[in-house]
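# A look at the structure
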Amino acid sequence: MTRYGYARVSTTKQSTDSQTIDLQKEGIPSNLIITETLSGATSWKQRPELSRLVHRLKAGDTLTVAKLNRLGRNAVDVLSLIDILKKRQIAVRILNLGIDTSGAGGRLFLLLLAGFAEFERNIIRERIMAGLDVARAKGKRPGRRSTLSPEKTAQARAMKQRGLSSREVSELLQVSRMTAWRAMNSLEGVP
């Protein structure tokens, strides 16, 4: 049942000193406080120090941070981390909010955070859909560009009508079988 601390800043011009002091005031020894300099927009899995710490934690341990945003700025990412830790029976303490996920108040906080994470996902989805609608209205075709030219796509459709398989078409056009299949079944250029 070890108590670990995590402190993070976004740039080398910033210091983790105030976070470290807060964690030490909570009785966490300096050798168990992990510090990192990396943007909070970076997923917790992509932060080497935090990722290592998460893998080191065992059931009954506690991860303490001075502020919630030290774990990340993305509610979905923070919730996924806290959820993983909860399933492994690892508590998370957030000092400035007075939250401890092992208690009833902490569980309520997780429910609220889950609601905000879902809201954030919905907002992101709405923005993406609106952007795609605008692109389509401007005559652009969103998504990855086709590997095949419109002429090669037309050839693939013609080969399909002659009864060739996607494997045969892929060999003739020198593309992957999936690319050949997509071209054979595309509606691009079809009136």
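Going by the structure above, here's the rest.
Every chain begins its residue count from 1, and numbering advances along the sequence as written. Where local features are concerned, this predicted model is filtered to residues with pLDDT of at least 70; where side-chain atom pairs are given and counted, the filter is 80 or more; whole-chain, interface and lining totals use all residues. Working from all heavy atoms in the structure, the side-chain values ignore hydrogens and water.

## Side note on the overall build of the chain
- Put simply, DSSP marks the helices as runs of H or I at least four residues long and the strands as runs of E at least two long, and each gets a number from the N terminus on. Regarding its fold elements, the chain presents 7 helices and 5 strands.
- From first element to last, N terminus to C terminus, the chain shows the α and β order β-α-β-α-β-α-β-β-α-α-α-α.
- For 191 residues, the compact-globule estimate of 2.2 N^0.38 gives 16 Å, and the chain exceeds it by more than 25% at 25 Å.
- Principal axes of the C-alpha set define a box for the chain whose edges measure 75 × 35 × 35 Å.
- Counting across all 191 residues of the chain, residues that qualify as buried make up 35%.
- Taking as baseline every contact in the chain between residues at least 6 positions apart, the subset at least 24 positions apart corresponds to 62%.
- Residue-level accessible areas treat just the shown protein chains as cover; the underlying method is Shrake-Rupley with a 1.4 Å probe. Of the accessible surface of the chain, which amounts to about 12,100 Å², a share of 54% is contributed by carbon and sulfur atoms.
- Working convention for charge: Lys and Arg count positive, Asp and Glu count negative, and His plus the chain ends are omitted. Each charge is placed at NZ for Lys, CZ for Arg, CG for Asp and CD for Glu. Positive and negative side-chain charges of the chain, numbering 33 and 17 respectively, have mean locations separated by a distance of 4 Å. Just to be clear, the radius of gyration here is over C-alpha atoms, and the globule rule we use is 2.2 Å times residues to the power 0.38. A simple rule labels every residue: compare its accessible area, found with a 1.4 Å probe on the protein chains alone, to the largest value its type can have, and call it buried under 20%, exposed over 50%, or partly exposed in between. Any two residues whose heavy atoms approach within 4.5 Å are treated as being in contact.

## Section: the pairing of strand β4 (residues 91–94)
- Two elements, strand β3 (residues 62–65) and β4, share 4 bridges in a ladder whose sense is parallel. If you follow Leu63 over to β4, its bridge partner there is Val92.
- Every crossover in which the path from the first strand over the helix to the second runs clockwise, viewed with the strands pointing away from the viewer, is termed right-handed. For the segment spanning β3, helix α3 (residues 75–87) and β4, crossover handedness is right-handed.
- At least two bridges found by DSSP between two strands is the condition for calling them paired. By the bridge criterion, 2 bridges tie β4 to strand β5 (residues 99–100) in an arrangement that is antiparallel. Residue pairing in the sheet places Arg93 in a bridge with Asp100 of β5.

## Focus on the environment of Val175
- Along the polypeptide, Val175 turns up in the loop between α6 (166–173) and α7 (177–184).
- Look at Val175 and you get buried, because its relative accessible area is 19%.
- Residues Val175 and Thr147, 28 residues apart in the sequence, show an inter-C-alpha distance of 8.4 Å.
- Once residues within four sequence positions are removed from consideration, Val175 is found in contact with Leu148, Ser170 and Ala180.

## Side note on the nonpolar core
- The set of buried Ala, Val, Leu, Ile, Met, Phe, Trp, Tyr and Cys residues whose side-chain atoms join them within 4.5 Å is what this entry labels a nonpolar core. If you look at the biggest cluster of nonpolar residues, it comprises 30 residues, and the most contacted ones within it are Tyr6, Leu71, Ile82 and Leu85.
- When residues of this core are traced back to their parent elements, those giving at least two are β1 (3–9), β2 (33–37), α2 (48–56), β3, α3, β4 and α4 (104–137).
- Sorting elements by how many residues they give to this core places α3 first, with 6 residues.
- The next biggest cluster of nonpolar side chains, apart from the first, holds 9 residues, and it includes Leu148, Met159, Leu173 and Ala180.

## Points about the sheet that holds β2
- If you trace the 5 strands from one edge of the open sheet to the other, you get β2-β1-β3-β4-β5, paired in mixed fashion. Strand pairing shows two members of the sheet lacking a second neighbour, β2 and β5, which therefore form its edges.
- A fitted line through C-alpha atoms serves as each axis, taken over the contacting stretch for helices, and the angle formed by two N-to-C directions is quoted from 0 to 180°. Together, β1, β2 and β3 form the strand contacts of helix α1 (residues 17–25), whose direction differs from that of β1 by roughly 165°.

## Concerning α3
- By this rule the span expected of a helix is its residue count minus one, scaled by 1.5 Å. An ideal rise of 1.5 Å per residue puts 18 Å on 13 residues; α3 measures up with 18 Å between its terminal C-alpha atoms.
- All of the buried residues along α3 are Ala75, Asp77, Val78, Leu79, Leu81, Ile82 and Leu85.
- Where α3 ends, the next residue or the one after it, Gln89, has phi of about 60°, a positive value.

## Overview of a nonpolar patch on the surface
- Taken together, the side chains of Leu108, Leu111, Leu112 and Phe116 present a nonpolar region at the surface, about 460 Å² in accessible area.
- Topologically, Leu108 is positioned in helix α4. Candidate patch residues must exceed 30% relative accessible area and have no salt bridge, after which like charges are joined if within 9 Å and Val, Leu, Ile, Met, Phe, Trp or Tyr side chains if within 5 Å. Whenever Lys or Arg places a side-chain nitrogen within 4 Å of a carboxyl oxygen from Asp or Glu, that contact is recorded as a salt bridge.

## Details of the packing of helix α5 (residues 150–161) against α6
- The contact between α5 and α6 brings their axes to 10 Å, and the two run at 145°. When the axes of α5 and α6 are compared, the crossing they make is right-handed. The segment α5 lies against α6, with Lys152, Gln155, Ala156 and Met159 engaging Val169, Leu172 and Leu173.
- For the contact of α5 with α6, the per-class residue count stands at 5 nonpolar, 1 polar and 1 charged. Each helix crossing is assigned a hand: it is left-handed if the near helix lies turned anticlockwise from the far helix by less than a right angle, otherwise right-handed if that turn is clockwise. Gly falls in the polar group here, along with every residue not listed as nonpolar (Ala, Val, Leu, Ile, Met, Phe, Trp, Tyr, Cys, Pro) or charged (Asp, Glu, Lys, Arg).

## Side note on α6
- Buried residues of α6: Ser166, Val169, Ser170 and Leu173, and no others. Along the long axis of α6, the arc covered by the buried residues comes to 100°, so they all point the same way. Facing away from the buried side of α6 by more than 90 degrees, the exposed set consists of Glu171 and Leu172.
- Structurally, α6 contributes buried residues whose contacts are with α5 and α7. To be clear, the arc concerns the directions from the helix axis to the C-beta atoms.

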